[in-house]
Amino acid sequence: SATGDHGVMNTVVLGWDPEHATRWAAPYDRCVQRCDTEHGLLERWPIDDWHLVPVGTTAHLMLQGHQRGLIGRGTVASTPFLSADPDAPGQVMHHVMIRWTTLVPESGRVPLDVLEVEVPDVPWRSSYGAAALPVSPHGAEQLTELWAGRSTPRTPLTVGQLAHRIWELPANLTHRTPAPR
């Protein structure tokens, strides 16, 4: 079953297509940085299935569009509320506050082909919009293992940055001098 007690979802996948929707209070790359430096980021998120996503639900964020992949994880931190839809002026929709604990750069996403192998229970090719895609308990375990197996990806180093870091290493890092007896 994809739900916990009383039909309430425990884990969901939410979608975000940066080409069609504004979801963040700041540019996404700044949100990634803030999430990392501030150990989490609280953001408002639109949700159609608001009655099934109570406080405490684990949310995984799927990047939609041509560069699909998993880019975030967090927890629903509020009850649903009506709020203006930033992508449809004059309209309101249900939102929840999500405390994102992991956000990775789009370039560091877990790609679709990896997700389909590592977490086959989830229909990753679906389009979510503001829907909450339920995840089975087994799929939720697979997602937890997937995140645990990944260190938080950072922006890859350029060759110059890597060379600079190697240059700064102590000369005796790989050569040990015997301790005096």
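Anyway, here's the lowdown on the structure attached to this text. (Residues numbered from 1 in each chain as written. Predicted model: local features only at pLDDT ≥ 70, side-chain atom pairs only at ≥ 80, totals over all residues. Heavy atoms only, no water.)

**Comments concerning the pairing of strand β4 (residues 69-76)**
- Summarising burial for β4: six of the eight residues are buried, a large majority.
- Bridge count between strand β3 (residues 58-63) and β4: six bridges; the pairing is antiparallel. Across the sheet, residue H60 finds its bridge partner in β4, namely R73.
- Linking β3 to β4, which pair antiparallel, is a turn of five residues; within it G65 sits at a positive phi near 90°.
- Sheet topology note: the β4/strand β7 (residues 110-111) ladder contains two bridges and is antiparallel. Looking at β7, one finds that G69 is bridged to P111.
- Alignment of β4 against strand β6 (residues 92-103), held across five bridges, turns out to be antiparallel. (Buried < 20%, exposed > 50% of the residue type's maximum accessible area, 1.4 Å probe, protein only. Helix = DSSP H or I, 4+ residues; strand = E, 2+ residues; numbered from the N terminus. Pairing = 2+ DSSP bridges.)

**Considerations on the packing of aromatic side chains**
- Under the criterion given, the structure shown has six aromatic pairs.
- Note on W16 and Y28: the rings are 5.1 Å apart at their centroids and 40° apart in plane angle, and the pair reads as tilted. On the criterion of sequence distance, the pair formed by W16 in strand β1 (residues 11-16) and Y28 in helix α1 (residues 28-37) is long-range, its members being 12 residues apart. For the pair shown, W16 and Y28 are each scored as buried.
- Ring centres 6.0 Å apart and planes at 55° place the aromatic pair W24 and W100 in the tilted group. (Phe/Tyr/Trp six-rings, centres within 6.5 Å; stacked < 30°, edge-to-face > 60°.)

**Points about α1**
- Looking at α1, one finds that the buried residues are Y28, C31, V32 and C35. One side of α1 holds all its buried residues, which, seen down the axis, span an arc of 105°. Of the exposed residues in α1, the ones pointing more than 90 degrees away from its buried face are D29, Q33 and T37.
- Looking at the packing, one finds that the buried side of α1 touches β1, β2 (41-46), β4 and β6.
- H39 sits one or two positions beyond α1 and adopts a positive phi of about 55°. (Arc of directions from axis to C-beta. Contact = heavy atoms within 4.5 Å.)

**Description of the state of the cysteines**
- In the structure shown here, the tally under the stated rule is zero disulfides.
- Here C31 is not cross-linked by a disulfide; its sulfur's nearest cysteine counterpart is in C35, at 8.8 Å.
- Classification of C35 by relative accessible area gives buried; the value is 4%. (Disulfide = S-S within 2.5 Å.)

**Looking at helix α3 (residues 137-148)**
- Over its 12 residues, α3 runs 16 Å from end to end, which matches the ideal 16 Å to within 8%, given 1.5 Å per residue.
- Within the sequence span of α3, burial applies to G139, A140, Q142, L143, L146 and W147. Considered in projection along α3, the buried side chains sweep an arc of 160° and stay on one side of the axis. Turned more than 90 degrees off the buried face of α3, the exposed positions are E145 and A148.
- Contacts made by the buried residues of α3 are with β1, β3, β4, β6, β7 and α2 (112-118). (Expected span 1.5 Å × (residues − 1).)

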